[in-house]
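The residues making up each chain are set out below.
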Amino acid sequence: MLDVKFYDALSRLQLRVNHKSNRNMTGSRKSVQKGQSAEFSDFREYMPGDDLRRLDWNVYARLDKLYVREYMEEKEAVVSVLVDTSASMDYGEKSKAELAKELAAVTGFLALNNLDRLALYDMKAMGRGLSVGGGRNAFPQVLNWLEHLEFDGQTDMLSAVRKMPFRGPGVTVMISDFLHPDMLSGETGAYEKVLQYLSFCRQRPVVLHTMAAEELHVTLEGTLNLIDAEDGSRLRLTVDSQAVKHYERILGRFLERMKKGCGTAGGAYVLCDTSRDKNQLVFQDLRVIYDI
């Protein structure tokens, strides 16, 4: 995984949350509830039982009515991270699977460092997730959970998302190559349905589209036998310059649809190339997911 110096730099950042939290746990997010923090929110008329120390005597002098000051209470948000552990993720000279675990570690650290509740999910086994809170002291649990992930078989992302137990507004981070036949099939594929469902559940979707350098920049040539890593199907294909250009056009439309769909849902999309320098990826490319 990444080193201590890297996480020290990361500790200065915070994930962006579109919705205010309504959870009852103390944290660093602004809540829809009123409380005792130092940040002023509003005035309201005095009611019997209110703390007299919160009376504003300057307002009383002007209006001849008793008003109390209300303050914004800080609560924890929920950051959910779903990792695609299908066989297609275990590909590339620099593996998509390893990058996915590093990205999950980054988002998990950000959540815990800002006193948010973190929920980690393996898309193939939604019932065996990890839910932790209490700050960065819980981060070793996250690293241990990620180290035990196994990348094989197939995943159903839409089904996985629908199994999540949402408890109010928050952020849902999806880390995947999205290389599933039903993801972008038709005008409304499973990808758009996932985003619509998250929006309905008051989630800010963050899509970390993890692709291998070999998938983004094809260097194969000649007649090849291609084997699907997930279902074992085979395809005999001759790769020439025309085939590569056709692939690049299809890939371009695929990436553009991913980015547009996420933007329409009020979320953030980042293409994560396995060959990209980790510091540049996290501190430059991922800036769109942070509050800066």
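The shown structure was predicted, so the numbers you read here are calculated from the model rather than taken from an experiment.

Each value, and the rule that gives it
- Residues numbered from 1 in each chain as written.
- Predicted model: local features only at pLDDT ≥ 70, side-chain atom pairs only at ≥ 80, totals over all residues.
- Heavy atoms only, no water.
- Phe/Tyr/Trp six-rings, centres within 6.5 Å; stacked < 30°, edge-to-face > 60°.
- Helix = DSSP H or I, 4+ residues; strand = E, 2+ residues; numbered from the N terminus.
- Buried < 20%, exposed > 50% of the residue type's maximum accessible area, 1.4 Å probe, protein only.
- Contact = heavy atoms within 4.5 Å.
- Polar contact = N/O pair within 3.5 Å; in protein donor to acceptor, adjacent residues only side chain to side chain.
- Pairing = 2+ DSSP bridges.
- Axes fitted to C-alpha atoms, helices over the stretch in contact; angles between N-to-C directions.
- Salt bridge = Lys/Arg side-chain N within 4 Å of Asp/Glu carboxyl O.
- Patch = residues over 30% accessible without salt bridge, like charges linked within 9 Å, V, L, I, M, F, W, Y side chains within 5 Å.
- Areas by Shrake-Rupley, 256 points an atom, 1.4 Å probe, with all protein chains shown as cover.
- Core = buried A, V, L, I, M, F, W, Y, C linked by side-chain atoms within 4.5 Å.

## Observations concerning the packing of aromatic side chains
Part 1 of the reasoning: Tallied over the entire structure, the rule returns 8 aromatic pairs.
Part 2 of the reasoning: A centroid spacing of 5.0 Å and a plane angle of 45° characterise the contact between Tyr7 and Phe109, whose relative ring orientation is tilted. Here Tyr7, found in helix H1 (residues 4–10), pairs with Phe109, found in helix H3 (residues 96–113); they are 102 residues apart in sequence, far enough to count as distant.
Part 3 of the reasoning: Each ring, one from Trp57 and one from Tyr60, has its centre 5.8 Å from the other, and the planes form 85°; the classification is edge-to-face. With a gap of 3 residues between them, Trp57 and Tyr60 both fall in helix H2 (residues 57–63), about one helical turn apart.
Part 4 of the reasoning: Every member of this aromatic cluster is reached through a ring pair, and the members are Phe6, Tyr7, Phe109, Phe139 and Phe283.

## Here's the deal with the environment of Arg136
Part 1 of the reasoning: If you trace the backbone, Arg136 turns up in the loop between strand E5 (125–132) and helix H4 (139–147).
Part 2 of the reasoning: On the accessibility criterion, Arg136 (40% relative accessible area) is partly exposed.
Part 3 of the reasoning: Between the alpha carbons of Arg136 and Phe109 there is a distance of 6.7 Å; along the sequence they are 27 residues apart.
Part 4 of the reasoning: If sequence neighbours within four positions are ignored, Arg136 has contacts with Asp8, Ser11, Phe109, Leu112 and Asn113.

## Re unusual backbone geometry
Part 1 of the reasoning: Phi is positive for Leu115, close to 65°, though the residue is something other than glycine.
Part 2 of the reasoning: Positive phi is not limited to glycine here, since Arg202 has a value of about 60°.
Part 3 of the reasoning: A relative accessible area of 39% places Arg202 in the partly exposed class.

## Section: the environment of Asp152
Part 1 of the reasoning: Inspection of the secondary structure assignment puts Asp152 in the loop between H4 and helix H5 (157–162).
Part 2 of the reasoning: Looking at Asp152, the relative accessible area reads 36%, which means it is partly exposed.
Part 3 of the reasoning: Once the C-alpha coordinates of Asp152 and Glu230 are considered, the two residues, 78 residues apart in sequence, prove to be 7.3 Å apart.
Part 4 of the reasoning: The residues touching Asp152, leaving out its near neighbours within four places in the chain, are Thr85, Ser86, Ala87 and Lys124.
Part 5 of the reasoning: At 3.4 Å, the side chain of Asp152 and the side chain of Lys124 are in polar contact.

## Topic: the sheet that holds strand E7 (residues 203–211)
Within a sheet, neighbouring strands are paired by backbone hydrogen bonds and run either parallel or antiparallel to one another.
Part 1 of the reasoning: The 6 strands lie next to each other as E5-E4-E3-E6-E7-E10, forming an open sheet whose pairing is mixed. With partners counted over all chains shown, the strands left at the sheet margins are E5 and strand E10 (268–273), one partner each. On average, each strand axis in the sheet is inclined to that of its neighbour by 15°, with strand direction left out of account.
Part 2 of the reasoning: Taken together, the 6 bridges between strand E3 (residues 78–83) and strand E4 (residues 117–122) define a ladder with parallel strand orientation.

## Re the pattern of salt bridges
Part 1 of the reasoning: Here the structure, examined in full by the defined rule, presents 8 salt bridges.
Part 2 of the reasoning: The partner of Glu192 in a salt bridge is Arg257, with the nearest N and O atoms 2.7 Å apart. Residue Glu192 is found in helix H6 (residues 190–200), and its partner Arg257 is found in helix H8 (residues 241–264); the two are separated by 65 residues along the sequence.
Part 3 of the reasoning: Classification of Arg257 by relative accessible area gives partly exposed; the value is 24%.

## Some thoughts on a nonpolar patch on the surface
Part 1 of the reasoning: Residues Leu220, Leu226, Leu235 and Leu237 make up a contiguous nonpolar surface patch of about 330 Å² in total accessible area.
Part 2 of the reasoning: Relative to the helices and strands, Leu220 is located in the loop between helix H7 (213–216) and strand E8 (222–227).

## Points about the nonpolar core
Part 1 of the reasoning: Leu10, Val81, Leu118, Val142, Leu208 and Tyr290 are the most contacted members of the largest nonpolar core, which has 47 residues in total.
Part 2 of the reasoning: The element contributing the most residues to this core is H3, with 11 residues.
Part 3 of the reasoning: The residues touching Val81, leaving out its near neighbours within four places in the chain, are Ala104, Thr107, Leu118, Ala119, Leu120, Tyr121, Val173 and Ile175.
Part 4 of the reasoning: With 28 residues, the next largest nonpolar core counts Leu82, Met126, Ala190 and Leu195 among its residues.

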